[in-house]
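# Coordinate inspection notes
The residues making up each chain are set out below.
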Amino acid sequence: MRKLQVQGSAPLGAEPGERPIFRGHIQSLDGLRGLAILLVLTVHLWRPETRTALGMAITRTARAGWTGVDLFFVLSGFLITGLLIDSRARPNFLRNFFARRALRILPLYTLFLVVSLVLLPLWFDHLGLSQRPSFGNRADAAHWPWYALFVSNYWMALADRFPAGWSNSLTWSLAVEEQFYLLWPWLILVCPPRWLPRAIGFVFAAAIAARAFVVWLDAGWLTAALVTPCRMDALAAGGWVAAYLRSPGFQARTWRWLLRGAVALALPAAAVWILWEDGDPRTGAAFQVVGYSLLAVAGAGLLGAALTGDPPVLRPLRSSPLVALGKVSYGIYLFHLVLFTAVLPVAYKTVLALTRWQIAERFFWWAFGVAGSWLLAWFLYRAVEAPCLRLKERFRTPTSDTADLGAPNPLPSGSRSPATEAAA
């Protein structure tokens, strides 16, 4: 059987025909994360334009950008599962994992809550926008414990609506990931390596069953979209890839068959389903039950293709713009709506007067949002994240470098890539 290869990395510790073990930074994963954040930026920043055929086509495509969050889930499942498998036999396994997760997530998220729940309401009061839709951050401040404890997804599901403040609506996905971090290490700890892919497959199936139960209860599409048990299939799909590549039962032929099926079948099927719908496919019962899982399989196929460099059509994942976005994707995700809602009311009329063409104005705001969010996230990484990430060295679990699929990529002055630090 052919040994799988990762572009930019050398497979080590495997005899011919055995599963690959990778070393070093995998640049295409930064690019995949960059693709995910670009999708999220597009769905949030592209303002609908229906006066021209071009504007309608772009608007229809842009609204599918919510799938970027599902791709983030797949990536998180892959990186975290791989890290846990590689370090579970090491001293202080759980302590180090939770300490490093806290240092990675909490500093920037705490700053986000201060800005979104305290500073933005003052700014919107100054502009006289507090009572307008999408600017209701002050009302969200009353629910701060839900945000602070990473359970805002359950508040949104119970309320059957997103928060009043537009910039706070994205916190549901962070809540899902944090709840995943609390639960997943225990599965990795108790399940033998040979049985782990099957156990993760059971979690994948359980998510489908949970959403089917939600549909049967008629609990609303937000419950199926936001509640953690219903979204575990995307995280499990990425986790399955990490577990199978490390499993004693790995078969290269089976891996290639699954990878090609996911890329050639699941990915086009998910794209057609999402783009074909006139409305939001997430509101439909069929998509709620199986659509998310189809999307998860498609994301896992993209992940596997990014790891192996096959097919070549995915080589743009290693392009500099996508890699640059991916390296600071956490800061971009948290703060892009903060930036957009703070600047838009002040500059909108000026920009529209300068362009005098609605679709050009739409392109300007999209480009401004992408570039401005990247610059802000880069600054926040240097000012806030990097000093905290250096503290993670105190909780580093010694592991073999031949199993580090998410090894950090050095940045200037010895700092680490935030994209891969998420897995370290």
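Preceding this paragraph is the structure being described.
For the structure given in this document, a descriptive report is provided here.

Analysis parameters
- Residues numbered from 1 in each chain as written.
- Predicted model: local features only at pLDDT ≥ 70, side-chain atom pairs only at ≥ 80, totals over all residues.
- Heavy atoms only, no water.
- Helix = DSSP H or I, 4+ residues; strand = E, 2+ residues; numbered from the N terminus.
- Expected span 1.5 Å × (residues − 1).
- Buried < 20%, exposed > 50% of the residue type's maximum accessible area, 1.4 Å probe, protein only.
- Contact = heavy atoms within 4.5 Å.
- Polar contact = N/O pair within 3.5 Å; in protein donor to acceptor, adjacent residues only side chain to side chain.
- Phe/Tyr/Trp six-rings, centres within 6.5 Å; stacked < 30°, edge-to-face > 60°.
- Lys NZ or Arg CZ within 6 Å of the ring centre and 35° of its normal.
- Axes fitted to C-alpha atoms, helices over the stretch in contact; angles between N-to-C directions.
- Parallel < 35°, antiparallel > 145°, perpendicular 65-115°, else oblique.
- Left-handed = near helix turned anticlockwise from the far one by under 90°.

## Here's the deal with helix H9 (residues 196-217)
Taking 1.5 Å per residue as the helical rise, H9 with its 22 residues ought to reach 32 Å, and the 31 Å between its terminal C-alpha atoms agrees with that figure. For H9, every residue scored as buried is listed here: Leu196, Pro197, Ala199, Ile200, Val203, Phe204, Ala207, Arg211 and Val214. Buried-residue contacts for H9 involve helix H3 (67-87), helix H8 (171-190), helix H10 (221-226), helix H11 (228-246) and helix H13 (285-308). Asp218 occupies a position one or two residues after H9 and carries a positive phi of about 60°.

## Comments concerning the side chain of Arg282
With respect to the secondary-structure elements, Arg282 resides in the loop between helix H12 (252-276) and H13. Among the polar contacts made by the side chain of Arg282, one reaches the side chain of Asp280 at a distance of 2.7 Å. Discounting chain neighbours no more than four positions away, the residues touching Arg282 are Trp66, Trp221, Phe287, Gln288 and Tyr292.

## Quick word on the packing of aromatic side chains
Two aromatic rings, taken as a pair, are described by how far apart their centres are and by the angle between their planes. Evaluated as defined, the whole model comprises 24 aromatic pairs. Counting every residue linked through ring pairs, the aromatic cluster contains Phe97, Phe98, Phe180, Tyr181 and Trp184. Positioned above the aromatic ring of Tyr292, the side-chain terminus of Arg231 is 4.2 Å from the ring centre. Taking NZ or CZ as reference, Arg282 lies 4.5 Å from the ring centre of Trp66, over its face.

## Points about the packing of helix H1 (residues 27-45) against H3
Relative to each other, H1 and H3 sit at 150°, their axes nearing to 7 Å. Relative to H3, the element H1 lies roughly antiparallel. The element H1 and its partner H3 pack so that their crossing is left-handed. The segment H1 lies against H3, with Leu29, Leu32, Arg33, Leu35, Ala36, Ile37, Leu39 and Val40 engaging Thr67, Gly68, Val69, Leu71, Phe72, Leu75, Phe78 and Leu79.

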